[in-house]
Amino acid sequence: GVLINPLKQRLGAGDGDVEAAARRFDQEGYILEPAIIPAELMARTHLAIDAVIAGDYETGVAPRDSFLQPGDNANKKLRKIDQAHLSNATIFECITHPALGRRIAAVTGANRLQVWALQLLHKPGGGHHQGNVGWHQDFQYWQKWWTPDSVVFTAWLALTDVTEHSGPMRFVRGSQRWGLLDGGNFFGQELDLLRAHINIPKDETWLEVPALMPAGAFSLHHRLTLHGSGPNKSSMPRLSIAMHLCSEKSTVIPDRGINPPRYDYVGFLGDRQVCPVIYER
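The rules behind these values
- Residues numbered from 1 in each chain as written.
- Predicted model: local features only at pLDDT ≥ 70, side-chain atom pairs only at ≥ 80, totals over all residues.
- Heavy atoms only, no water.
- pLDDT = per-residue confidence, 0-100.
- Contact = heavy atoms within 4.5 Å.
- Phe/Tyr/Trp six-rings, centres within 6.5 Å; stacked < 30°, edge-to-face > 60°.
- Helix = DSSP H or I, 4+ residues; strand = E, 2+ residues; numbered from the N terminus.
- Buried < 20%, exposed > 50% of the residue type's maximum accessible area, 1.4 Å probe, protein only.

We now examine the confidence of the model for the chain. Considering every residue of the chain, the mean pLDDT works out to 89; 89% of them sit at 70 or more. Throughout residues 4-10 the model reports pLDDT below 50, and contacts reaching past four residues in sequence, or to other chains, amount to 21 contacts.

What follows covers the packing of aromatic side chains. Tallied over the full model, the rule gives 10 aromatic pairs. Each ring, one from Y141 and one from F187, has its centre 6.4 Å from the other, and the planes form 85 degrees; the classification is edge-to-face. In this pair, Y141 sits in helix 5 (residues 139-142) while F187 sits in the loop between strand 8 (169-172) and helix 6 (191-196), placing the two residues 46 residues apart along the sequence. When its relative accessible area of 41% is taken as the criterion, F187 is described as partly exposed. Judged by centre distance (5.2 Å) and plane angle (90 degrees), the rings of W145 and Y265 are edge-to-face. Taken together, the residues W145 in the loop between helix 5 and strand 7 (152-158) and Y265 in the loop between strand 12 (238-247) and strand 13 (277-280) connect sequence positions 120 residues apart. With respect to class, W145 is no different from Y265; both count as buried. Through pairs of rings, three or more aromatic residues link up here, namely W116, W142, W145, W146 and Y265.

Shown next as structure tokens:
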């Protein structure tokens with residue numbers, strides 16, 4: 001069956017709620033957490049992101065705009081800018097804020113957390129389907145780099161208020177228990193068609209929950225949790241940063257002599273400017 005839950009997921013209650021948040025993450029495959037980045041830093045990060053999107057790179061290092069192609073309409077299509085933290089010191093400061101790393105480590109039980117990839121996501125307003133993100137599991141793209149038992153997951157930081165109208169990320173509750181499935185596609189924009197081609201286990205229910213969050217809040221989701229998002233029907237862009245994290249329980253797949261990916265994220269794990277460690281016990 002397919003169910004859509006219209007209610008906002010309860011945000012975590014902070015440090016006193018670590019055990020409850022850890023249980024929800026284990027059972028549901030995602031959690032939503034309250035704002036943890038100071039308002040002053042959030043305000044500076046907004047300005048930094050505006051600069052990067054405009055092509056102004058404070059550090060002199062250009063990021064990888066890996067989704068928007070020449071000729072695409074940036075006012076309609078999702079813009080996904082990889083490794084934006086290399087282009088601006090304030091973005092780097094934001095993603096490495098100590099409170100963020102401590103909280104994620106507390107919830108996940110990690111002794112060490114490292115950012116191995118980062119994406120700045122700009123979903124334009126206006127309700128255009130080109131801004132959709134298709135149903136997918138992150139690990140379908142990550143398995144070229146990480147062994148199946150690796151503890152790799154995503155922290156998604158909301159930089160603007162995420163409402164039902166702004167094209168929120170939608171999680172399929174409990175789908176991390178279904179294993180790696182065929183049919184998902186981040187780049188697909190026809191969500192219903194994609195859903196029809198994903199064969200979920202017998203007797204399981206597809207329950208979508210929108211991740212509604214205020215600016216400054218963040219979510220965590222498991223590498224196998226199905227998620228996607230529809231059009232941003234508001235008048236303003238939805239801005240976020242997706243931080244892909246690995247813990248000390250992660251293992252990079254050794255070179256098997258195959259053609260390397262176009263950009264080898266894990267090849268930079270030894271460079272803490274490219275892949276910063278945000279928590280270490």
